[in-house]
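# Fold and geometry: a report
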Amino acid sequence: MALNNVNILVAVTGGIAAYKCPEVIRRLTEYGASIQVVMTESAREFVKPLVFQAVSGNAVHVDLLDDQAEAGMGHIELARWADVVLIVPATANTLARMACGVADDLLSTICLATRSPVIVAPAMNSVMWEHPATQANLKTLQSRGIILLAPEAGSQACGETGIGRLMEPEKIVESLKQMACDGGQLTMKHVAQSTDSSLLKGVKVLLTAGPTREAIDPVRFISNHSSGKMGFALARAATDAGAEVTLIAGPVKLETPGGVKRIDVSSALQMHEIALSIAGECDIFISVAAVADYRVDEIKAQKIKKTGDDMTLTLIRNPDILADVASMETKPFCVGFAAETENLDAYARGKLQKKNLDMIVGNLVGVQSSGFNSDTNAVDVFWGSSGHVAYSSRSKESLATDLITLIASRYGERH
Ligand code: C5P
């Protein structure tokens, strides 16, 4: 079953949509998940804990100081037990408390104590949902890697019509099912997420993606394994966030995301020329391309013939596109990628400084479910002298949404 051996900590907070949560739990258990339930004080005003005890098969947790728990620290035990924390429904109050890092009840403390993915399914009155405070809290939470199961539009319990209805229970369960179990660790695959379409409204974003090809002669070239998937996913996420996106793509077999202006290039020199000619008019430059560091000094006009047992090619350095953009007089907000096989933190931070970047996304390549050609990726993002967020393995689409949210929030602070 899709959720066999998956420990899901379901947290219920105090909104009318709490009545839909038992249905979510019932369906999750049908797919094999083990469920523990935490309820906030106000959730218990809407639905009795006994209902959740019956559907989950376990006593409901309500107190921060629990004399039944080993060492009296129920929040730590539950935080460690959970493979994923699912807050359904999540009220505006809960989102605000999480954004501030409040830890004065069982749920808020678990949210700080867990290393597992935290998913929120908000439900509230549409005016509360649209309030800038709620939207700002959501942005903060998403920038920390919290996953949003966005509320839907429709008629609400309060009599209004608008966005704020809890995502339908079966869709919530579908999202959870799409999380793959990878060696006991949950991997986020295609959890439904939405990007706020006003995050980068009117902002011009330039990206490079894919490999470059350095020709040796008319039939041969030097290249690398970059698939372009991460850069294309970021281009899509930036468009979804309202940006005007230009994507300079090396040779890849990927469809252009809707609304993106794509410019195809082959070599690092071509990518360099186009990027430098556009970057000055852009607000954000995201350099995802795996640009070849070297090219052959002289591309032969005719196919090189076999002669002796060995052959020597002289390679010369390619320009560093990202470093050149970052040293422009009116430079855009510059985000680099650092693919490393070891010492990720030190190497990525080194490049952040050396290339004068605003942010760097480091990822380990050559490991399973991360990096080149993989559909999933796990990254560590660094900025300034101590800024750091780690995103555990998830689909490149989902990661792109998280990264664009983080980039937008850092860019927003600068401007
Ligand atoms: O120094 P390194 O190649 O590891 O840095 C990686 C970052 O620099 C990536 O963001 C990549 O797109 C960019 N880069 C570039 N031009 C190069 C080499 C790397 O823009 N010639």
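The structure under discussion appears in the preceding block.
In this report, we go over the structure that sits alongside the text. Small disclaimer: the values here were computed from a predicted structure and weren't measured.

## Side note on the overall build of the chain
Counting its secondary structure elements, the chain contains 14 helices and 21 strands. The C-alpha atoms of the chain give a radius of gyration of 24 Å, which matches the 22 Å a tight globule of 415 residues would have. Counting every position in the chain, which comprises 415 residues, the buried fraction comes to 52%. For the chain, the proportion of contacts with a sequence separation of at least 24, taken over those separated by at least 6, is 66%. Surface summary for the chain: the accessible area is close to 19500 Å², and the carbon and sulfur share equals 49%. Charge-centre separation for the chain: the mean point of 38 positive side chains lies 5 Å from the mean point of 46 negative side chains.

## Quick look at the site of the ligand
As a matter of local geometry, the ligand sits amid Ser287, Ala289, Val291, Asp293, Pro319, Asp320, Ile321, Leu322, Gly336, Phe337, Lys351 and Lys355. Contacts to the ligand include Leu322, whose backbone N or O atom sits 2.9 Å from an oxygen atom. A distance of 2.8 Å separates an oxygen atom of the ligand from a polar atom in the backbone of Phe337. Coverage of the ligand by the protein amounts to 85% of the 450 Å² it exposes when considered alone.

## Description of the packing of helix H4 (residues 74-81) against helix H6 (residues 106-113)
The geometry of H4 relative to H6 is characterised by a closest axis approach of 9 Å and an angle of 50° between their N-to-C directions. Put simply, H4 runs oblique to H6. The handedness of the crossing between H4 and H6 is right-handed. Each of Gly74, His75, Ile76, Leu78 and Ala79 in H4 lies in contact with H6, whose residues at this interface are Leu106, Thr109, Ile110 and Ala113.

## Digging into the sheet that holds strand S2 (residues 34-39)
Taken together, 5 strands build an open sheet; the order of strands is S2-S1-S3-S4-S5 and the sheet is parallel. Strands with a single pairing partner mark the edges of an open sheet, and in this sheet they are S2 and strand S5 (147-148). The pairing of strand S3 (residues 84-90) with strand S4 (residues 118-122) spans 4 bridges and is parallel. Its bridge partner being in S4, Val85 is matched across the sheet by Val118. Packed onto the sheet, H4 meets strand S1 (7-12) and S2 and runs at close to 145° relative to S2. Of the strands in this sheet, S1, S3 and S4 are in contact with helix H9 (residues 169-177), which crosses S3 at around 165°.

## Looking at the pattern of salt bridges
Taken as a whole and assessed by the stated rule, the structure comprises 14 salt bridges. Its salt-bridge partner being Glu23, residue Arg26 comes within 3.0 Å of it at the nearest N-O pair. With Arg26 and Glu23 both in helix H1 (residues 21-30), this residue pair falls 3 residues apart, about one helical turn. Its relative accessible area of 34% is what places Arg26 among the partly exposed residues. In the salt-bridge network here, residues are joined through shared partners; they are Glu23, Arg26, Arg27 and Glu30.

## Examining a nonpolar patch on the surface
Taken together, Tyr294, Met311, Leu313 and Leu315 make up a surface patch of nonpolar side chains, about 370 Å² in accessible area. Mapping Leu315 onto the fold places it in strand S17 (residues 315-317).

## Here's the deal with unusual backbone geometry
With omega at -5°, the peptide bond leading from Val88 into Pro89 counts as cis. Counting through the fold element by element, Pro89 comes out in strand S3.

## Quick look at the sheet that holds strand S18 (residues 333-340)
Sheet architecture is open: 8 strands sit in the order S14-S13-S10-S15-S18-S19-S20-S21, paired in mixed fashion. In this open sheet, the two strands that pair with only one neighbour each are strand S14 (261-264) and strand S21 (387-395). Pairwise comparison of adjacent strand axes, ignoring direction, gives a mean angle of 15° for this sheet. Across the sheet, helix H10 (residues 229-240) lies against strand S10 (204-209), strand S13 (244-249), S14, strand S15 (284-287), S18 and strand S20 (376-383), angled at about 170° from S13, the strand it touches most. Along the sheet face, helix H13 (residues 344-354) touches S18, strand S19 (359-364), S20 and S21 and points at about 150° away from the line of S19.

## Section: the nonpolar core
Residues Val205, Leu234, Ile286 and Leu403 are the most contacted members of the largest nonpolar core, which totals 41 residues. For this core, the element with the highest residue contribution is helix H14 (residues 396-414), accounting for 8 residues. Once residues lying within four places of it in the same chain are set aside, the contact partners of Leu234 are Leu207, Ile286, Val288, Phe337, Ala400, Leu403 and Ile404. Listed in part, the 32 residues of the second largest apolar core include Leu3, Ile25, Met39 and Leu86.

Criteria and cut-off values
Residues numbered from 1 in each chain as written. Predicted model: local features only at pLDDT ≥ 70, side-chain atom pairs only at ≥ 80, totals over all residues. Heavy atoms only, no water. Helix = DSSP H or I, 4+ residues; strand = E, 2+ residues; numbered from the N terminus. Rg over C-alpha atoms; globule rule 2.2 N^0.38 Å. Buried < 20%, exposed > 50% of the residue type's maximum accessible area, 1.4 Å probe, protein only. Contact = heavy atoms within 4.5 Å. Areas by Shrake-Rupley, 256 points an atom, 1.4 Å probe, with all protein chains shown as cover. Lys, Arg positive; Asp, Glu negative; His and termini not counted. Charge placed at Lys NZ, Arg CZ, Asp CG, Glu CD. Near = heavy atom within 4 Å. Polar contact = N/O pair within 3.5 Å; in protein donor to acceptor, adjacent residues only side chain to side chain. Axes fitted to C-alpha atoms, helices over the stretch in contact; angles between N-to-C directions. Parallel < 35°, antiparallel > 145°, perpendicular 65-115°, else oblique. Left-handed = near helix turned anticlockwise from the far one by under 90°. Pairing = 2+ DSSP bridges. Salt bridge = Lys/Arg side-chain N within 4 Å of Asp/Glu carboxyl O. Patch = residues over 30% accessible without salt bridge, like charges linked within 9 Å, V, L, I, M, F, W, Y side chains within 5 Å. Core = buried A, V, L, I, M, F, W, Y, C linked by side-chain atoms within 4.5 Å.

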